[in-house]
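# Summary of structural features
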Amino acid sequence: MHDNEISCKPVPSVAGPTLAAMEDLASAVRRGLAARADPSAAPGMQRYMKSTMPFRGVAKPAREELVRELVAARPAPTPAEFAVAVRALWDGAEYREERYVALTLTGHRRWAPPQDASWVPLYRHWIVTGAWWDFTDEIASKRIGVLLRAAPAELSPVLRAWAGDGDRWLRRTAVIAQLGSGTGTDLDLLRHAIETNLADPDFFLRKGIGWALRQHARVDPGWVREFVTAHPGLSSLSRREALRHLG
């Protein structure tokens, strides 16, 4: 386990019909994606995403329709049951859409179980193994960011550690996790995440820094202007993005 990392609470054992039902959910997702597949669209989707994992060719509206159908046909699972299903989908994925659906299910407000800091190790695993912006940005802003606002004392040390991690996607997560925090943004954490990565030449980190600053400028433009002025080492990309709407 990494420094300042949150340990995952033991997942209760799941067996018998319950386990079978959750494993069937992963199978049902795969069958549903196969039924909606557009083989002619798949190569273009894979090229656009620069993905080594192939696509089925199932666009987002069709994936969301599939999720609605699957959720409507099943009772809400327990946290342990749910963890079995989404982990099976992610780790056993042969097509990228399977991971998209796993991520969508974790954000389903009425069906997914409530989440707390014990979910952080799973999301960390997804960020590192997904290793691309489409997964990272969704997890950072809509999963980790939500947990940070709900449990700042537990999540802030984790994100401070991620800001200096060897994995660039964990670093990007630390930078952009507060996109939805508005006036509740932890400025010390934001400053730490940016300053830790200020000199990194990675495009996704520089873009993420500019994005985080631009978003915070919506609620505190003065702070962003002062930050940019005080940090001449910001890349031109980060600076341009940060000041895009500030003139």
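This section reports on the structure supplied with the text. (Residues numbered from 1 in each chain as written. Predicted model: local features only at pLDDT ≥ 70, side-chain atom pairs only at ≥ 80, totals over all residues. Heavy atoms only, no water.)

## Some thoughts on the overall build of the protein chain
Spelled out, the test is: Put simply, DSSP marks the helices as runs of H or I at least four residues long and the strands as runs of E at least two long, and each gets a number from the N terminus on. We compute the radius of gyration over the C-alpha atoms and compare it with the globule rule, which gives 2.2 Å times the number of residues raised to the power 0.38. Partly exposed describes any residue whose relative accessible area lies between the buried limit of under 20% and the exposed limit of over 50%, with all areas from a 1.4 Å probe on protein chains only and scaled to the type maximum. The contact definition used throughout considers only heavy atoms, calling two residues in contact when any of these lie within 4.5 Å. Each accessible area value is a Shrake-Rupley result obtained with a 1.4 Å probe; residue values ignore everything except the protein chains displayed when judging cover. Residues counted as positive are Lys and Arg, residues counted as negative are Asp and Glu, and His and the chain ends are not counted. For charged residues, the charge sits on one atom: NZ in Lys, CZ in Arg, CG in Asp, CD in Glu.
Looking only at helices and strands, the protein chain has 13 helices and 0 strands in total. The C-alpha atoms of the protein chain give 19 Å as radius of gyration, which agrees with the globular expectation for 247 residues (18 Å, within 12%). For the protein chain, the spread of C-alpha atoms along the three principal axes comes to 60 × 45 × 30 Å. Relative to its 247 residues, the protein chain shows a buried fraction of 49%. Long-range pairs, those at least 24 residues apart, make up 70% of the contacts in the protein chain with a sequence separation of at least 6. A total accessible area of about 11800 Å² is found for the protein chain, and carbon and sulfur atoms account for 53% of it. Separation of charge centres in the protein chain, based on 33 positive and 28 negative side chains, amounts to 5 Å.

## Quick word on the packing of aromatic side chains
Inclusion rule: Centres within 6.5 Å are what make two rings of Phe, Tyr or Trp a pair, Trp counting through its six-membered ring; a difference in plane orientation under 30 degrees is then read as stacked, over 60 as edge-to-face, and the rest as tilted. Counting as a charge over the ring demands two things of the Lys NZ or Arg CZ atom: a distance within 6 Å of the ring centre and an angle within 35 degrees of the ring normal.
Scanning all chains against the criterion turns up 13 aromatic pairs. With 5.2 Å between their ring centres and 65° between their planes, W132 and F204 make a pair best called edge-to-face. In this pair, W132 sits in the loop between α6 (120-130) and α7 (133-150) while F204 sits in helix α11 (residues 203-217), placing the two residues 72 residues apart along the sequence. Per residue, the accessibility class of W132 equals that of F204, and both read buried. One aromatic cluster in this structure is built from F55, F82, W90, Y100, W111, W119, Y123, W126 and F135. The ring of Y95 is capped by R56, whose NZ or CZ atom sits 4.1 Å from the centre of that ring.

## Section: the layout of surface pockets
Let me state the cut-off plainly: Put plainly, a pocket is an open set of points on a 1 Å grid over the protein atoms alone with protein on both sides within 12 Å along at least five of seven lines, a cavity is a set where a 1.4 Å probe fits but cannot get out, and a lining residue has an atom within 4 Å of a point. Grid points are joined across faces, edges and corners, and a volume is the space filled by probe spheres set on the points. Note on residue categories: nonpolar means Ala, Val, Leu, Ile, Met, Phe, Trp, Tyr, Cys or Pro, charged means Asp, Glu, Lys or Arg, and polar means any other residue, Gly included.
Taken as a whole, the largest pocket holds about 850 Å³ of empty space. What lines the largest pocket is a set of 27 residues, among which T104, G107, H108, E138 and R143 lie closest to the centre. Residue assignment for the lining of the largest pocket shows that the elements contributing at least two residues are α3 (60-72), α5 (96-106) and α7. Counting residues per element, the lining of the largest pocket draws most heavily on α7, at 8 residues. For the lining of the largest pocket, the class distribution of residues is 12 nonpolar, 5 polar and 10 charged.

## Considering the environment of I139
Residue position: I139 is located in helix α7. Measuring from C-alpha to C-alpha, the distance between I139 and Q46 comes to 20 Å, with 93 residues separating the pair along the chain. Setting aside anything within four residues of it in sequence, one finds I139 in contact with L103, Y123, W126, I127, I144 and G145.

## Examining the packing of helix α4 (residues 79-91) against α5
Defined as follows: The axes used here are C-alpha line fits, helices contributing only the stretch in contact, and every angle between their N-to-C directions lies in the interval 0 to 180 degrees. Any angle between 65 and 115 degrees counts as roughly perpendicular, while under 35 counts as roughly parallel, over 145 as roughly antiparallel, and the rest as oblique. Handedness of a crossing follows from how the near helix is turned relative to the far one, being left-handed for an anticlockwise turn of less than a right angle and right-handed for a clockwise one.
Contact geometry for α4 and α5: axes closest at 8 Å, N-to-C directions at 155°. Considering their axes alone, α4 and α5 lie roughly antiparallel with respect to each other. Handedness of the crossing formed by α4 with α5: left-handed. Facing F82, V86, L89 and W90 of α4, the residues of α5 in contact are E98, R99, V101, A102, L105 and T106. In terms of residue class, the contact of α4 with α5 is made up of 7 nonpolar, 1 polar and 2 charged.

Purely geometric numbers; function is a separate question.
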